[in-house]
Structures are given as C-alpha cells and as structure tokens.
Amino acid sequence: MAIRLTESTPIQFIKGVGEARGAAFARLGIETAGDLLGFYPRAYEERGRVINITDSIDGEICSLVLTVRETSAVRQIRKGFSVFRSIAYDESGSIELVFFNMPFMARSLTSGRRFRAYGRVRIGRYGREMVSPKLEPILQNTELPYYVPVYRLSPPLTQKVIRQSVLSVLPLCESLPELLPKSVIEKYELLPRSEAVSELHCPTTPESLQKAKKTLAFTEITVFRLALSQLRSEVRRENACPLGLKNTGIKSFFSSLPFELTNAQKKAVKEIFADLGNSYPMARLLQGDVGSGKTAVAAAALYLCVKNGYQACMMAPTEILATQHKKTLDKFLSPFGIRTELLISGMPASEKRRVRAGLADGSIDIAVGTHALITDKTEFSSCALAVVDEQHRFGVKQRKALLDKSENGDKRAHMLVMSATPIPRSLSLIIFGDLDVSLLDELPPGRQKIETRIIPSQSRDTAYQIIRDSVAAGGRAYIVCPLIESGEDSDGQENERVAAEEHFKSLSEGELKGIPMGLLHGRMKPDEKASVMADFASGKTSVLVSTTVIEVGVDVPEATVMVIENAESFGLSQLHQLRGRIGRGSRRSVCLLIHGKNSDESADRLKIMRDTSDGFKVAEADLEKRGPGDFFGVRQSGEFSVALAGASDIKMLASTDSFVKEILNQRDNEEYKPLFDAAERFLERNGDGRTVN
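Residues numbered from 1 in each chain as written. Predicted model: local features only at pLDDT ≥ 70, side-chain atom pairs only at ≥ 80, totals over all residues. Heavy atoms only, no water.

Visitor: Pulling in residues and values, what's your account of the packing of aromatic side chains?
Guide: What the rule picks out here adds up to 17 aromatic pairs. When the ring of Phe-81 is compared with that of Phe-100, the centres are 5.6 Å apart and the planes differ by 20 degrees; the resulting orientation is stacked. Placement of Phe-81 in strand E4 (residues 81–90) and of Phe-100 in strand E5 (residues 93–100) is noted, with a sequence separation of 19 residues between them. A residue is classified by how much of its surface remains accessible, and Phe-81, at 23% relative accessible area, is partly exposed. For Phe-100, a relative accessible area of 32% corresponds to the partly exposed category. A ring pair is formed by Tyr-188 and Phe-659, whose centres lie 6.2 Å apart and whose planes are at 65 degrees; its orientation type is edge-to-face. Linking Tyr-188 in the loop between helix H5 (182–187) and helix H6 (193–201) with Phe-659 in helix H21 (residues 650–663), this pair joins segments that are 471 residues apart in sequence. What makes Tyr-188 buried here is its relative accessible area of 12%. Ring pairs connect the aromatic residues Phe-253, Phe-254, Phe-273, Tyr-303 and Phe-336, which therefore count as one cluster. Against the face of Phe-332 rests Lys-331, its NZ or CZ located 5.8 Å from the ring centre. (Phe/Tyr/Trp six-rings, centres within 6.5 Å; stacked < 30°, edge-to-face > 60°. Helix = DSSP H or I, 4+ residues; strand = E, 2+ residues; numbered from the N terminus. Buried < 20%, exposed > 50% of the residue type's maximum accessible area, 1.4 Å probe, protein only. Lys NZ or Arg CZ within 6 Å of the ring centre and 35° of its normal.)

Quick look at the structure:
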C-alpha cells in the first residue's frame, strides 16, 4: 500500500530510494521528504542554450542539437577498456561523439536519431569532438528543460537518482507555509515561497530562476538576521566574569611588544577591554586585512584574562594556523609566566590526554587548537575568554559549542572572533549580525607593498625565472594549485586545472630542477604537514607547492614570490588572502597570477587584483561579481543554502537590511510571526545553548 507523502516522510520510503540510497541521502543531511525539498541545487547546466557546431569554441561546454549520421563498432582497446565513436551533424557541420567504457551507447546512437548533446567541445587534428556528452533524445510532443539542476552527491547516488527523487517530493511545495506577508512579496517583487522552491528545482526560464533565487535568498537572510538579533539579545541577558585592569601589569605587556601598536590596534584594544569589564559576555568581531596585527590585539585580551585568574582558549580552522598561533602567543605571553598549550587532532593520544588534564585542573592557562577544543573529552577548569580565528569558516553551532564548553559555573565566556577576510558591510551584517565590530584599517609600518602581475599560462616560464632569481637571492616562493590531484572535478567533465601533486613532480624534474622543494596539501597527515612547513620556514626547502591550505596563518618573512595557478578559478578575496602570505619581510615581493582561461570576464576580475592592494575594495568587487554565496569560496557551515548564491544583487541585500530593521520590534505583529518562528527554529537547529522541547 502506497504511503501518503508528507514533509516528515522518511527518505527511504520515497519512490525509488530504499535503504541503501536512504543511507547515502542521510550522509548529505537528508532524512525526510521535507529535507529533500530544501536540498537546493548547487549549480545548473544551461542545456537550453543551443548553438551550432561551427560556432562552438575549443574547450567550451555547450549544447548541440544533433542527428546521428553513422556509428563505428565498439572497439576493445585493452582488457576492461573500450571506446565507441559516432558521427553526428547539424545544419552547420559535423562532430564526433566519443564514449569510453559505454558500449551500451551503440544501441541508442542509431542513424537518424536526434539528440540534444551537452558537453565540452574539443577541436583536434580531425575536427571537432565531444567526449562522453550527456544525451537527451528529442521526441515528438516532448519539451526538454532549459536548465538541468546539479546537486551535491554522495555515492552511490547519481544526479539522475536525486533529480527523480526531488520530482517525487515536489508536490509538497503546495503545502509549504508562507513566511513573508503578501505586501512584502509584492513590494520587493518576489515569488510565493511554494512557487520559488518548485522553480529552484525545476526552472522554467532564466528570469524565473533568478526571481526564485532572489525570493529564497531574501527569506533566508531575513530569518538569519532575525535569529542573530535574538541571539545577541539573549547573550546580553547572560552573566560573565568581568575582567579588570587593576594589578594585571598590562602596561608591562604592551611595553614588552617588539613594536608600537598602530592607532587602529590601540582603539580595538580599548573597545575589547571595555567589553571584558562588563558582567555580560563580550561578543565582538576583530576584523582586519592580512597583516594588520590582529594576533597582537588578541594576545592582549588573553593576557588580561589570565592575569584575572581565569583560563582562555583560541580556536582556529586548520592545524597549521593553530600551530602558528601557539608559536606567536608563546612569544608574547611566556615571558609573563603564562602557559599556552596546543590541542589538535593530529597530536599523539598521550599528548592530548596530558593537555586535557591540564585544562581540567587549571594548570594550563591557554589552549590553542582546532575542533579538538569542542569535543566531549575537552573540559576547562575556569575558561572566561574564547577567541575564534577566521570565524567565517565556523558556524553559529560551532561558536556556541565553544561557548558551552567554556562555561564557568553560571558564567559564560567572553567571545572575540577574528577575520582576516575583509568583508563588505552589507555582507558583514548578515554573517556577523550578533557581534560588535572593531576594525583594524591600517597596516603596521614596514609591511611591503606587493607587486601583482597577470601572466597567461603559455608564458609560465616568466614565473619560473622569477622564482629562480628570488631563490638565488635567498628568498623563497609559494606555488599554489587549485587541486591536490588531477581528475578531482566531479561534474564528469575533463578539467584543465593544475594539480599540486603532478605539478610538484613536473617542476622538480623540469623547470625548477635542483631547487629544494616541498609539497603541502590537506590530505597529508598533521605531522607530515608540520614537517613540510618547518622545512620551508627554516630554508631547508626554497619552494613550496601547495593547495590553499596555506591561505591563512603561514608566516614566513623570507617568502617573496607567490605564484597562483588557474587564478581565475579562485575568488578575489581568496586570492587576496593568498597574496598576503608574502610581503612580510623587508624584501620586494611579487604575486604572479597564472591565467589559464581565455575569458574577458575572468581577465577583468584579475585586473582588480593587479590594480589594488586594499582588501576591502577587493572584497566589494568579489561580492559584486560572484555573489555572497560564493564569497568565501566555501559555503557557510550549513547556515545558508545554495539559494544564497543567487543573491548577487547588492540592492537585494540592502532591501533585507531595511526590512529587518523595520520589523525587529514587531515580534507581536501576527503578520511577521511566521518569520520570527522560523528564526526560533533556526536557533534550535543550529544550537543556541537552549533545550528544545
């Protein structure tokens, strides 16, 4: 007997899913039909934009409407590996379709059949070809979709299985409760929520898809902003340990620093110290460009906390960054008898037990670590301050988990979050709406201006010569690649992006042969990564081939060259972060952006990097060109859905800001009750420290 489908129907009971696929859906966070409805596409294939064969460009992904002319027999190249070829044509010319290990295609591609083919065109010695295209038969009285959604995958799920499963639950859209009043939908030219969700999964036109994205982004941002405002109000009602300046020797700390604080740093310290003196928890963001001196400011707060008789902790997103912070804090704080220890997953179990015992009995003053700080095994004796670095990589849930971990009796810890990613004000309101902001908008004296050049991929030799010259003069160089190994792209298309492992091998044996080199990427074990970084920092190796694992926290003053392969595939803000790894010493530094894609749009983006070193200008340009959903290069820890990627309209962000301000104090207004209820559910789902009944 067929069951009645509702939002709470378990995923395995949806037609065509079952237990095995249900488990795969669960790995994606999808456990019910309602979850699947909210599992928005990560991208779309614009298959409805059909061009003629002769108009296709080498390397372009496009759609062609083709008629099969002739096919070859399936040819066995070697054991377990076959190839099948077919010639197809349109009114402008012909193209060869090539399929590897797909002998069954021979039954479909018979002479005279018509298909829409979507894939990458190559122009080779014998003309155009398309390898493993996605084919849709053109049938009478059947209209093919203009857009085809692309979802995140979890084996053994395929795009086809997910699309069919989504279609099964799409009728549930009709019963989705509306969150926005009709007047708001009309005022901001949005769609009803049910229509927007349906359109996002099955777009009808480019215009309707954009309107659906705008609707869901507007709704999500509004709910998130209301949730953050509520969180901020609740934090103000909680108790914290006030930290005073008296008898702490704080002047001795500042006089011990090997540099004079900038005016911006002094202002930030004053604001933070004022917050720490309150009997309710500080919730402050310390935002500053690369190299603006955030760690020194954080160290002052940590010093004050410990000298008031309490513990403190600092959480970083990577083990490399945590290790770097430990080293820096030791330099600042150890002269005052403050004991700082590292706690990361890659440490030996015995070391982790030792550090956790010290945190529990209070003998360790400060713990610096990664997610290991918020596991069940880690307990503090009396933590009164939590510092979170690169906060945009952590979600509200993780931030709250650290606060829960840092409870001191009935007192909450003060929280200072730091970000080296300059964030436009419009986006900062969304992400940091529950925080006060201290801004470090000037760089310490001595920071070198970094020259930035754009180099086409065919002129890479220029970059290698610059590296050789730099190394000969005693400098060091980074070479950053977008992939760890070739074949990582998961969309089924061949990729041309440079992979770190292959590039390291090629350069070691070729252009940079004889220069000591290291390889660093995220799949390496922690002790391997630490060893590679130590070799580079000490000068044992002169060139470091890496992925973006070095984006934050790596501080090697001797590094003067940064080469970024496939620079067009990175966001501008991420490129700015990478560029900030050099220019930290007294030598002239240069950042080389290797441009591997012939596109006016990507070239224009890179010119922004060449022409400005102001991180906030870079961030504004990144937001305008890529949209907030892709702003950081990674999604926001589950707090925003893919719908936010469509919110590239800056005016829309401003609209949500004015709307939230308008309704913040209208909680009892029945018209806005669904929005406030949704904000409450968001906080419950993402862990706000309260019990959910």
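Visitor: Describe the nonpolar core, listing the residues and the values that go with them.
Guide: Ranked by internal contacts, the top residues of the largest apolar core, which has 64 residues, are Phe-253, Leu-276, Leu-302, Leu-333 and Leu-385. Top element by residues in this core is helix H10 (residues 294–307). It accounts for 11 residues. With residues up to four places along the chain from it excluded, the contact list for Leu-333 reads Phe-253, Ala-299, Leu-302, Tyr-303, Ile-338, Thr-340 and Ile-366. Core analysis: the next-biggest nonpolar cluster, separate from the first, contains 31 residues, Val-161, Val-169, Leu-176 and Leu-216 among them. (Core = buried A, V, L, I, M, F, W, Y, C linked by side-chain atoms within 4.5 Å. Contact = heavy atoms within 4.5 Å.)

Visitor: Lay out helix H15 (residues 460–472) with the relevant residues and their values.
Guide: Its 13 residues place the ends of H15 19 Å apart at the C-alpha level, agreeing with the 18 Å of an ideal helix rising 1.5 Å per residue. Those residues of H15 lying buried are Ala-463, Tyr-464, Ile-466, Ile-467, Ser-470 and Val-471. Taken end-on, H15 shows its buried residues confined to a sector of 160 degrees, consistent with a single buried face. The outward face of H15, more than 90 degrees from its buried face, is lined by the exposed residues Asp-461 and Ala-472. The secondary structure elements touched by the buried residues of H15 are strand E17 (450–456), strand E18 (476–480), helix H16 (500–509), strand E20 (543–546), strand E21 (559–564) and strand E22 (589–595). Looking one or two places after H15, you find Gly-474, whose phi comes out positive at around 95 degrees. (Expected span 1.5 Å × (residues − 1). Arc of directions from axis to C-beta.)

Visitor: An account of unusual backbone geometry is needed here, citing residue identities and associated values.
Guide: Look at the link from Pro-155 to Pro-156: it is a cis peptide, with omega at 10 degrees. Along the chain, Pro-156 falls in the loop between strand E9 (148–150) and helix H4 (159–169). Look at Ser-132: it is not a glycine, yet its phi comes out positive at around 50 degrees. Tracing the backbone through its elements, the reader meets Ser-132 in the loop between strand E7 (127–131) and strand E8 (134–137). A positive phi angle, close to 55 degrees, is found at Glu-189, a residue other than glycine. As for its position among the elements, Glu-189 is in the loop between H5 and H6. With relative accessibility at 55%, the residue Glu-189 sits in the exposed group.

Visitor: Break down helix H1 (residues 18–27) for me, with residues and values.
Guide: Within H1 the residues assigned to the buried category are Gly-22, Ala-24 and Phe-25. Seen end-on, H1 carries its buried residues on one side only, within an arc spanning 160 degrees. Opposite the buried face of H1, at more than 90 degrees from it, the exposed residues are Glu-19, Ala-20 and Arg-27. Looking at the buried side of H1, the elements it contacts are helix H2 (33–37) and H4.

Visitor: Give me the lowdown on the pattern of salt bridges, citing residues and values where you can.
Guide: Any two side chains of opposite charge can pair, so long as their charged atoms come close to each other. Summed over all chains, the structure comprises 23 salt bridges. Two residues, Asp-330 and Lys-326, come together in a salt bridge whose shortest N-O distance is 2.4 Å. Taken together, the residues span about one helical turn, with Asp-330 and Lys-326 both in helix H11 (residues 319–333) at a distance of 4 residues. Among the ionic pairs, Arg-339 bridges to Glu-341, the shortest N-O distance being 3.4 Å. Residue classification places Glu-341 among the buried residues on the basis of a relative accessible area of 14%. One connected set of salt bridges, linked through shared partners, spans Glu-45, Arg-47, Arg-116, Lys-134 and Glu-136. (Salt bridge = Lys/Arg side-chain N within 4 Å of Asp/Glu carboxyl O.)

Visitor: Quick one: what's the story with the sheet that holds E18, residue by residue and with numbers?
Guide: Strands sit in the order E17-E22-E21-E18-E20-E19 across an open sheet of 6 strands; the sheet is parallel. Only two strands of the sheet have a single neighbouring strand rather than two, namely E17 and strand E19 (517–520). For this sheet, the mean angle separating the axes of adjacent strands, direction not counted, is 15 degrees. Judged from the 4 bridges that link them, E21 and E22 form a sheet pairing that is parallel. Along E22, the bridge assignment pairs Val-563 with Leu-592. Sheet strands in contact with H15 are E17, E18, E20, E21 and E22, and its direction is about 165 degrees off that of E21. (Pairing = 2+ DSSP bridges. Axes fitted to C-alpha atoms, helices over the stretch in contact; angles between N-to-C directions.)

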